[in-house]
Every structure is written in structure tokens, then in C-alpha cells.
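# Secondary and tertiary structure notes
The primary structure of each chain is shown beneath.
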Amino acid sequence: MGRLQRWSDKRVWSRGGFEFLMFGIKQAWACLFGGAMLALIVGTHLLWPLAWPEAEAPVSRYDFLVVAALGIQAAMLALRLESWEEARVIFLFHVAGTVMELFKTAHGSWIYPEDSLLRIGAVPLFSGFMYASVGSYIARVQRIFGIRVRRYPPLWMTWALAAAIYVNFFAHHWLPDMRLALFAATAVLFGRTGFFFTADRRRRSMPILLGFFLVALFIWLAENMATFGRAWAYPGQADGWEMVGVEKLGSWFLLMIISVVLVSIVHRPEPEPGPA
């Protein structure tokens, strides 16, 4: 690593390229749980029918995904890639996500088209692990990049905002959708907040709202891959896969607020040294 760093320092373009490469590697490492889940979803979608061409599979694909997700989580704890404290907050993601799934599937927002035994109502249990993978990413990325913040809003305000966002995911089915007001509140609350991180050796900074948007964008891309893998299907995908609408970016952006607030229960935002 030291040799590569010294080589990259010889030119501006190689130094920048090496830092970008390190940024990508660290991001992939932080996404370990989510990346493994996505690979399983797409891989089983492509290979599951081929494994039993003339006979019914001994276990449903969704049930296999539940067992595989448990195995990934156990391995990450055993290898100390996650702490037990992080596992507890990730469990909160699992519970909060499953509750939302039960509600949303009951209201026809999306469906799980395949049969399974390990499920609650219309929701297979592997779905909660998809929310847990977001929590795993948020917790791990803070450690891996040494993320610190400046001008972070009071925690009670972030908790109130996250609670309002979560309630709106349910209430908008009967009451006016408060999404635009929640976007505005998020901009006001986090508009001055920046975070600092290290991809290679130099500290970099970014407005936290931009960070939220970029993560939401990658979750939206992953969602497109997951729906291609028939993990779930939106009403417009009933007759065949099509890209998920870009309006879903807004939902994922708001989910990022909930995610960061939940992780802050374990990892309180740490201030970056220097002037505020």
C-alpha cells in the first residue's frame, strides 16, 4: 500500500485516481452486507430455475434468502466486522422495516410474487434484512471512513424529524402527503451540516445533504437490481420488469434520515476538530 501511495503521489492525476480508487474500495467494504444480499437476490433469480430443471426446488427461494441472510449476519459478527451494539440497532432496522412492509403490502404498494414459508402475512422474512443492510452500511461507513461532523443539529430535533418521516410513510394513505414539508424541514435542519471523511490520507468534506442524496441514489440503483431479481414487484412491474421510477429517490432520501438517526443511538455523531 505504501509503495502504491508513493507512486500515485508523483502526478496529480495518479494521486487523484488512487484516492478515488480507495474511496470505491472502502465504499464496497462498507456495503458488504447489502452487496451480499443483492448478489444473492440476483444470483438466485438467474440460477434457481436452472438448479432444478425438472423438479420442484426443495426449498423456496425466499426462504433460502432468509437463511442466507442470517448466515451473513452471523459471519459478520463472528469475524468482528460488526459489533453487537451495531447488531442491536440493525435489529431495529429489521423491525421497523418489517412493520412498514406489512402495512405497505396490505395497501398494494408492492407485492412479493413468490411463495414461502418463512413469512408474516404477505411479507417474507428476508425483506427485513434489506432494511438491515442499510443500517449495516451506515454503521460501518462511519468507522471505515472516520466520519466526523460539524454543525450537526440537536439530536432531539433529528429524532423528531425521523419520527415524522416514519409516520408519514403510513399516514399519507389517509391524510395529505407531507413529503414536501419534510424535505423542507430536512433542508433547514441539516443545511449547514457537513461531514468529514478520509478515503486515502487527506481529510475531505461534503455537505451532509449531498451525502444523503448520493446514498439514496445508490439505494435506488440497487432497488432496480433487486426488482429485476424479483425480490419484490411494484404494480407497474406485474407484467414484466421495468425501471423503478425516479420519484422513489425521494422516499430513499427520507429513509436516509431515519437510518442516520437510528444509527446515532449507538454511534453518536462525533465533531470534527477545528473551527465550527
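The structure reproduced in this document is the subject of the present report. (Residues numbered from 1 in each chain as written. Predicted model: local features only at pLDDT ≥ 70, side-chain atom pairs only at ≥ 80, totals over all residues. Heavy atoms only, no water.)

### Describing empty space enclosed by the protein
Defined as follows: Using a 1 Å grid laid over the protein atoms alone, points where a 1.4 Å probe fits but cannot get out form a cavity; open sets with protein on both sides within 12 Å along at least 5 of 7 lines form a pocket; any residue with an atom within 4 Å of a point counts as lining. Grid points are joined across faces, edges and corners, and a volume is the space filled by probe spheres set on the points. Helix numbers and strand numbers start at the N terminus; a helix is a DSSP run of H or I with at least 4 residues, a strand a run of E with at least 2. Three categories are distinguished: nonpolar for Ala, Val, Leu, Ile, Met, Phe, Trp, Tyr, Cys and Pro, charged for Asp, Glu, Lys and Arg, and polar for the others, with Gly belonging to the last.
Under the definition given, this model contains one cavity of 30 Å³ or more. Here the largest cavity is characterised by a volume of approximately 70 Å³. In terms of lining residues, the largest cavity is bounded by F93, A96, G97, M100, Y131, Y166, L255, I258, S259 and L262. Contributing elements (two or more residues each) for the lining of the largest cavity: α5 (84-106) and α10 (248-263). The class makeup of the residues in the lining of the largest cavity is eight nonpolar, two polar and no charged.

### Observations concerning the layout of surface pockets
Of the pockets and cavities examined, the second largest pocket occupies roughly 170 Å³. Taken together, L70, Q73, L77, A87, I90, F91, H94, L125, F129 and A132 form the lining of the second largest pocket. Those elements giving two or more residues to the lining of the second largest pocket turn out to be α4 (61-78), α5 and α6 (126-144). Ranked by residue count, the leading element in the lining of the second largest pocket is α5, at four residues. Class assignment for the residues of the lining of the second largest pocket results in eight nonpolar, two polar and no charged.

### A short note on the sheet that holds strand β4 (residues 194-198)
What counts, and what does not: Strand pairing is assigned whenever DSSP identifies at least 2 bridges connecting the two strands. Note on method: axes are straight lines fitted to C-alpha atoms, helices fitted across the in-contact stretch only, with angles between N-to-C directions ranging 0 to 180 degrees. The contact rule is simple, with two residues in contact once any of their heavy atoms fall within 4.5 Å.
Judged by pairing direction, the sheet is antiparallel, and its three strands sit side by side in the order β3-β4-β5 without closing on themselves. The sheet terminates laterally at β3 (148-150) and β5 (203-207), the two strands that pair on one side only. Averaged over all pairs of adjacent strands, the angle between strand axes in this sheet comes to 30 degrees, irrespective of strand direction. Relative to β4, β3 runs antiparallel, the two sharing three bridges. Of the residues in β4, the one forming a bridge with V149 is F195. Strands in contact with helix α9 (residues 208-228) are β4 and β5; relative to β5, the strand with the most contacts, it is inclined by about 85 degrees.

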